[in-house]
Amino acid sequence: MFITFEGIEGSGKSTQAKLLYEWFLDRGRRVVLTREPGGTEAAERIRDLILREWEESFPPFSELCLYLAARGFHVKNLIKPSLSEGAVVICDRFSDSTLAYQGYGRGLDLELIKKMNREVTEGIKPDLTFLIDVPVEVGLERIGKRRRDRIEGESLEFHRRVRRGFLDIAGKEPERVVVVDGTGSREEVFKFILSVLKEKGYAP
Ligand code: Z5A
């Protein structure tokens, strides 16, 4: 079972991914919690490269290639082997983030992104995706004054396009992507996520 969490920054997706990981652990399930960009040594190195501030400009297509390169390492060396061993894999961000940020956010060609993404994911697709949705203002307020990375520092309009992108993706794949209202408390949001998992037969 491959479950991904998506959303704009500060939506609370990392918090929910961790709660779900602990929930499966408590029930004796073999479970892996991982993130993108990152998850393996090589992919974490690419993450550092992508997120730090650079003096020189960062071309959107180069950014896309780096995210996809990191995903290639991650799928090949962690996600696929863990799924083959029967683990539940929970991933904080995956392919939908690339479409939302590099496609809807940066304006790169959506079809090109999908095609390149298919190459690096080797046919792996999440069984279920939770899109934790909050207004951009709520997300940015939650991350507050924390030092922002290169992407978090983008304009409000950029983050709004990304949010619209996520909602658009969810609208096109309602069976896989469940939109979760992320404005409630951590406990309320998690309760809803569990109810979806149970309803879909993924959890006892
Ligand atoms: N990116 C991309 O452009 N293309 C791609 O293909 C991929 C990624 C894969 C790295 O992401 C960046 O890469 C990201 C997208 C881009 N860019 N940005 N910006 P990341 O996952 O490392 O960083 P992030 O998205 O900024 O995550 P985050 O800051 O960790 O936010 P979060 O996961 O949504 O939220 P959180 O850590 O769970 O919670 C944030 C705060 O809110 C924290 O203090 C919590 O305690 C609090 N919180 C959580 N839930 C609640 C509720 N329900 N109520 C109140 N407060 C809450």
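Up top you'll find the structure we're talking about.
The structure displayed is predicted, hence computed values, not measured ones. (Residues numbered from 1 in each chain as written. Predicted model: local features only at pLDDT ≥ 70, side-chain atom pairs only at ≥ 80, totals over all residues. Heavy atoms only, no water.)

### What about the pattern of salt bridges?
Opposite charge on two side chains lets them pair, provided their charged atoms get close.
Thinking step 1. By the definition in use, this model includes 18 salt bridges.
Thinking step 2. Taking the shortest distance from any N to any O, the salt bridge between D92 and K13 comes out at 2.9 Å. Linking D92 in strand β3 (residues 88-92) with K13 in helix α1 (residues 13-26), this pair joins segments that are 79 residues apart in sequence.
Thinking step 3. Salt-bridge contacts for R160 lead to E137; the nearest nitrogen and oxygen are separated by 2.6 Å. (Salt bridge = Lys/Arg side-chain N within 4 Å of Asp/Glu carboxyl O. Helix = DSSP H or I, 4+ residues; strand = E, 2+ residues; numbered from the N terminus.)

### Overview of the site of the ligand
Thinking step 1. Lining the immediate surroundings of the ligand are 27 residues, of which E9, S14, T15, R47 and R93 lie closest.
Thinking step 2. One of the backbone nitrogen or oxygen atoms of G12 is found 3.0 Å away from an oxygen atom of the ligand.
Thinking step 3. In the environment of the ligand, an oxygen atom lies 3.0 Å from a nitrogen or oxygen atom belonging to the side chain of Y67.
Thinking step 4. Across the complex, the protein chains shield 84% of the 1,100 Å² of accessible surface that the ligand would expose by itself.
Thinking step 5. For the shell around the ligand, the elements supplying multiple residues, two or more each, are α1, α2 (41-51), α3 (60-84), α4 (95-105) and α6 (136-143).
Thinking step 6. The biggest single contributor to the shell around the ligand is α4, with 4 residues. (Near = heavy atom within 4 Å. Polar contact = N/O pair within 3.5 Å; in protein donor to acceptor, adjacent residues only side chain to side chain. Areas by Shrake-Rupley, 256 points an atom, 1.4 Å probe, with all protein chains shown as cover.)

### Considering the environment of V178
Thinking step 1. Along the polypeptide, V178 turns up in strand β5 (residues 177-181).
Thinking step 2. With 49 residues separating them in the primary sequence, V178 and T129 have C-alpha atoms 6.1 Å apart.
Thinking step 3. Sequence-distant contacts of V178, that is, excluding residues within four places in its chain, are made with L128, T129, F130, L131, F192, V196 and K200. (Contact = heavy atoms within 4.5 Å.)

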